[in-house]
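Descriptive analysis of the structure
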Amino acid sequence: MSETVFVLNGPNLNLLGTREPEIYGSATLDDIAGMLEDRARELGLEIDLRQSNHEGHLVDWLHEAQAMGAKAVLLNAGAFTHTSVALHDAIKAIRTPVIEVHLSNPHTREAFRHKSYVGMAAKATIAGFGPISYLLALEGAHRL
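Notes on the structure follow. (Residues numbered from 1 in each chain as written. Predicted model: local features only at pLDDT ≥ 70, side-chain atom pairs only at ≥ 80, totals over all residues. Heavy atoms only, no water.)

1. Quick notes on the sheet that holds strand 2 (residues 45-51)
Here is the rule: Two strands pair under a simple rule: DSSP has to find at least two bridges between them. Per the convention used, a helix needs a DSSP run of H or I reaching at least four residues, while a strand needs a run of E reaching at least two, with both numbered from the N terminus. For helices, the fitted line uses only the C-alpha atoms of the stretch in contact; every axis is such a line through C-alpha atoms, and the angle between N-to-C directions lies from 0 to 180 degrees. By definition in these notes, contact holds between two residues if any of their heavy atoms fall within 4.5 Å.
Pairing within the open sheet is parallel, and its five strands lie in the order 2-1-3-4-5. The strands lining the two open edges of the sheet, one partner per strand, are strand 2 and strand 5 (124-127). Strand-to-strand twist in this sheet, taken as the mean axis angle between neighbours without regard to direction, amounts to 20°. One ladder, built from five bridges, connects strand 1 (residues 3-9) with strand 3 (residues 72-76); its direction is parallel. Opposite Leu-8, over in strand 3, you have Leu-75 as the bridge partner. In this fold helix 3 (residues 55-67) packs onto strand 1, strand 2, strand 3 and strand 4 (98-102), with an angle of close to 170° to the strand it touches most, strand 1.

Structure below.
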């Protein structure tokens with residue numbers, strides 16, 4: 001039986017591939033899902049990938065990851081990274097390890113992106129490698 005890794009994506013990530021490609025690249029969320037599913041299969045893992053523009057959905061899915069016994073959560077919270085005490089608290093409230101993921105490097109961008117409420121609670125952060133950030137996070141989750 002495979003272990004499941006939740007891959008949760010926040011606001012505007014449904015627009016990957018068309019949204020500011022100079023920052024986020026041309027890969028779509030479906031492209032990233034396919035890449036993750038291929039690698040997960042090689043590692044004996046299953047991916048449960050979800051996206052929502054609503055903060056509460058992400059909180060509920062973090063709770064669900066623990067309830068379902070997920071191995072880990074890869075979380076790209078998008079803009080909620082920098083604003084959501086609710087996500088911070090949800091990560092702290094569960095035992096399932098959470099790895100924060102970003103396509104770009106927030107520390108090289110606007111000052112308001114330098115603070116991460118998600119990162120303050122997450123086990124680790126991987127950022128700045130484009131879609132490969134997700135693969136690196138998956139590798140980390142596999143080794144937990």
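2. Focus on helix 6 (residues 132-143)
Cut-off, in case you're wondering: What a helix should span is 1.5 Å times the count of its residues minus one. The rule is simple: take the accessible area with a 1.4 Å probe, protein chains only, and divide by the maximum for that residue type; under 20% is buried, over 50% is exposed, in between is partly exposed.
For helix 6, spanning 12 residues, the distance from its first C-alpha to its last is 17 Å, which sits close to the expected 16 Å at 1.5 Å a residue. When helix 6 is considered as a whole, its buried residues turn out to be Ser-133, Tyr-134, Ala-137, Leu-138, Glu-139 and Ala-141. Residues of helix 6 that are buried sit in contact with strand 1, helix 2 (29-43), strand 2, strand 3, strand 4 and strand 5.

3. Some remarks on the nonpolar core
When a protein is soluble and globular, its nonpolar side chains tend to lie buried together. The test is simple: As used here, the term nonpolar core means buried Ala, Val, Leu, Ile, Met, Phe, Trp, Tyr and Cys residues forming a set that is joined through side-chain atoms within 4.5 Å.
Counting 22 residues, the largest nonpolar core has Val-5, Ile-32, Leu-36, Ile-47, Leu-74, Tyr-134 and Leu-138 as the members making the most contacts within it. Of all the secondary structure elements, the ones that give two or more residues to this core are strand 1, helix 2, strand 2, strand 3, strand 4 and helix 6. Sorting elements by how many residues they give to this core places helix 2 first, with five residues. Formed by 20 residues, the second largest nonpolar core is a distinct cluster that contains Val-73, Phe-80, Ile-91 and Ala-122.

4. Some details on unusual backbone geometry
The phi angle of most residues is negative, glycine excepted, and most peptide bonds adopt the trans form. Positioned with a positive phi, Asn-12 is a non-glycine residue whose angle comes to about 70°. Of note, Asn-12 is situated in the loop between strand 1 and helix 1 (21-24).

5. Comments concerning a nonpolar patch on the surface
Inclusion rule: Patch membership needs two things, relative accessible area over 30% and no salt bridge, and members are linked within 9 Å if like-charged or within 5 Å if nonpolar (Val, Leu, Ile, Met, Phe, Trp, Tyr). Only the protein chains shown count as covering a residue, and every accessible area follows the Shrake-Rupley method with a 1.4 Å probe. Here, a salt bridge means any side-chain nitrogen of Lys or Arg that lies within 4 Å of a carboxyl oxygen of Asp or Glu.
Taken together, the side chains of Phe-129, Ile-132 and Leu-136 present a nonpolar region at the surface, about 280 Å² in accessible area. Mapped onto the elements, Leu-136 comes out in helix 6.

6. Looking at the side chain of His-82
Quick reminder of the rule: Polar contacts, as counted here, are pairs of nitrogen or oxygen atoms within 3.5 Å of one another; within protein the pair requires one atom able to donate a hydrogen and one able to accept it, and residues that are adjacent in sequence qualify only if both atoms are side-chain atoms.
With respect to the secondary-structure elements, His-82 resides in the loop between strand 3 and helix 4 (85-93). Within the local environment of His-82, its side chain forms a polar contact with the backbone oxygen of Lys-115, the two atoms lying 2.9 Å apart. When sequence neighbours within four positions are dropped, the list of residues in contact with His-82 reads Pro-106, Phe-112, Arg-113, Lys-115 and Tyr-117.

Limitation: the analysis is restricted to geometry and does not speak to function.
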